[in-house]
Amino acid sequence: MGAGGRMAVPSTPMKVDSDPLKRVPCSKPPFTLSQVKKAIPPHCFERSVLRSFSYVVHDLTIAFVFYYIADTYIHQLPHPLSYLAWPVYWALQGCILTGVWVVAHECGHHAFSDYQWLDDTVGLILHSCLLVPYFSWKYSHRRHHSNTGSLDRDEVFVPKQKTAIGWYAKYLNNPLGRVITLTVTLTLGWPLYLAFNVSGRPYDRFACHFDPYGPIYSDRERLQIFISDAGILAMIYSLYCLVAAKGLVYVFCIYGGPLLVVNGFLVLITLLQHTHPSLPHYHSSEWDWFRGALATVDRDYGILNKVFHNITDTHVAHHLFSTMPHYHAMEATKAIKPILGEYYQFDGTPFYKAMWREAKECLYVEPDEGDQNKGVFWYRNKI
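Computed from a predicted model, the values in this text were never measured in an experiment.

### Digging into the packing of aromatic side chains
Move 1: Going through the model one piece at a time under the given rule, you end up with 24 aromatic pairs.
Move 2: Relative to Trp-190, the ring of Trp-101 has its centre 6.1 Å away and its plane inclined at 80°; by these criteria the two rings are edge-to-face. Within this pair, whereas Trp-101 is found in helix H3 (residues 79-108), its partner Trp-190 is found in helix H7 (residues 175-196), the two being separated by 89 residues in sequence. Comparing Trp-101 with Trp-190, the two get one shared label, buried.
Move 3: Measuring from ring centre to ring centre gives 6.5 Å for Trp-289 and Phe-290, while their planes differ by 10°; the resulting arrangement is stacked.
Move 4: Look at Phe-290 and you get buried, because its relative accessible area is 13%.

### Considering the pattern of salt bridges
Move 1: As enumerated under the stated definition, the model contains 14 salt bridges in all.
Move 2: Linked by salt bridges that have partners in common, Arg-299, Asp-347, Arg-357 and Glu-358 make up one network.

### Overview of the nonpolar core
What tends to happen in soluble globular proteins is that the nonpolar side chains get buried as a cluster.
Move 1: Of all hydrophobic cores here, the largest spans 45 residues; its most connected members are Trp-86, Trp-101, Leu-126, Leu-130 and Trp-190.
Move 2: Phe-45, Leu-294, Ala-332 and Ile-336 belong to the second largest nonpolar core, which has 20 residues in total.

### Concerning the side chain of Asp-119
Move 1: Mapping Asp-119 onto the fold places it in helix H4 (residues 116-129).
Move 2: Salt bridges are absent for the buried Asp-119, whose nearest opposite-charge side chain, Arg-47, sits at 5.6 Å.
Move 3: One polar contact links Asp-119 to Ser-113, side chain to side chain, over a distance of 2.5 Å.
Move 4: In this structure Asp-119 touches Cys-107, His-110, Ala-111, Phe-112, Ser-113 and Tyr-134, once residues within four positions along its chain are discounted.

### A short note on the layout of surface pockets
Move 1: Its boundaries defined by the atoms lining it, the second largest pocket holds a volume of some 370 Å³.
Move 2: Around the second largest pocket sit 15 residues that line it, and Leu-60, Ala-63, Gln-93, Leu-97 and Tyr-255 are the ones nearest its centre.
Move 3: Those elements that place two or more of their residues in the lining of the second largest pocket are helix H2 (49-73), H3, H4 and helix H9 (248-274).
Move 4: By residue class, the composition of the lining of the second largest pocket is 14 nonpolar, 1 polar and no charged.

### Quick notes on a nonpolar patch on the surface
Move 1: Taken together, the side chains of Leu-176, Val-179, Ile-180, Val-184, Leu-188 and Trp-356 make up a nonpolar region of the molecular surface, amounting to roughly 530 Å² of accessible area.
Move 2: Among the elements that make up the nonpolar patch, the one with the highest residue count is H7 (5 residues).
Move 3: Mapping Trp-356 onto the fold places it in helix H14 (residues 351-361).
Move 4: By relative accessible area, which is 32% here, Trp-356 ends up partly exposed.

### Notes on the UniProt feature "transmembrane region" (unreviewed entry) in the protein
Move 1: Per the UniProt entry, the sites bearing "transmembrane region" (unreviewed entry) are residues 52-69, 81-103, 176-196, 223-242 and 249-272 in this numbering.
Move 2: In the segment residues 249-272, helix accounts for 100% and strand for 0%; the C-alpha atoms at its two ends are 33 Å apart.

Calculation criteria
Residues numbered from 1 in each chain as written. Predicted model: local features only at pLDDT ≥ 70, side-chain atom pairs only at ≥ 80, totals over all residues. Heavy atoms only, no water. Phe/Tyr/Trp six-rings, centres within 6.5 Å; stacked < 30°, edge-to-face > 60°. Helix = DSSP H or I, 4+ residues; strand = E, 2+ residues; numbered from the N terminus. Buried < 20%, exposed > 50% of the residue type's maximum accessible area, 1.4 Å probe, protein only. Salt bridge = Lys/Arg side-chain N within 4 Å of Asp/Glu carboxyl O. Core = buried A, V, L, I, M, F, W, Y, C linked by side-chain atoms within 4.5 Å. Lys, Arg positive; Asp, Glu negative; His and termini not counted. Polar contact = N/O pair within 3.5 Å; in protein donor to acceptor, adjacent residues only side chain to side chain. Contact = heavy atoms within 4.5 Å. 1 Å grid on protein atoms, 1.4 Å probe; cavity = no way out; pocket = protein on both sides within 12 Å on 5 of 7 lines; lining within 4 Å. Points joined across faces, edges and corners; volume = space filled by probe spheres on them. Nonpolar A, V, L, I, M, F, W, Y, C, P; charged D, E, K, R; others polar. Patch = residues over 30% accessible without salt bridge, like charges linked within 9 Å, V, L, I, M, F, W, Y side chains within 5 Å. Areas by Shrake-Rupley, 256 points an atom, 1.4 Å probe, with all protein chains shown as cover. UniProt positions renumbered as here; feature names shortened; annotations may be inferred.

Right under this line is the structure:
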């Protein structure tokens, strides 16, 4: 992607941070994508192989240290302590491996280096190790970026309209129901999405990320879907051999527990980036790419922002310029905020509180009553 540069652009009034639930504008922005890009320092669009690999080495080194400590010392602890130590290891290792997942995500966006073959090689290896079909996800995720905010064509966490919500929704619209919903979403949401397209865009036939001939992919993409499947099969076979040598309990403790944390954070991060009471969704009659890309929200995960390579708090910039490497995204975000003004959304609510609030408030979408613009939909919770 070409470099940006400084230019004078009229600033849009900034949104008051103390009111993160105030709706963002849904009208055509008074600025263009080109103006936003020119406000970003040119070096933010530069990709460095050495710097990108430094994050791979950093994350994998920490992951190996955690593995070594767990494998060497936890089984030596008295049983009550070992039962507590394993969940601590799962949480810590899961957070680090989520960072690894994010680096592979960069590869899928061609933000890792200037070499597509290198990005795809690194991404395929890292994602396969986390049981993610790299090319399959890369192409569906690219379509998500191409159709963000569209009720008709977005690929993931597409909100339902009231007429489409299930009969069981009213029985889950209570604290216990939300606990059940969130538990299932965070533990099973990612594999269900990959295998059955749950929460994804509806297709006219069965859609699956492992099916090279499924409706998600075009003819020119099918060979790479086979490669993704081969990567997953190779990892599954490796895990099978490890189970045969070490036992199922060992493999779950060392690998399975952290993987559950990775999958949970992946779903949570994506959900909270695109689900917020202030964000609009658009019918095809109203949607355009620019407004859809702006209909996202930056979140604050505290210290985890750094662990997750700022995928959490620079998501708006990422949707506008997805080939920008993560290590420049924070600088870019600071540069574009004065231009975006009220069109920029940040919510500093702790993620665990935001998760509960969104599960309660964002059940379906509908246009405002009496609004002449029936193509703009907002979250509702009255069933």
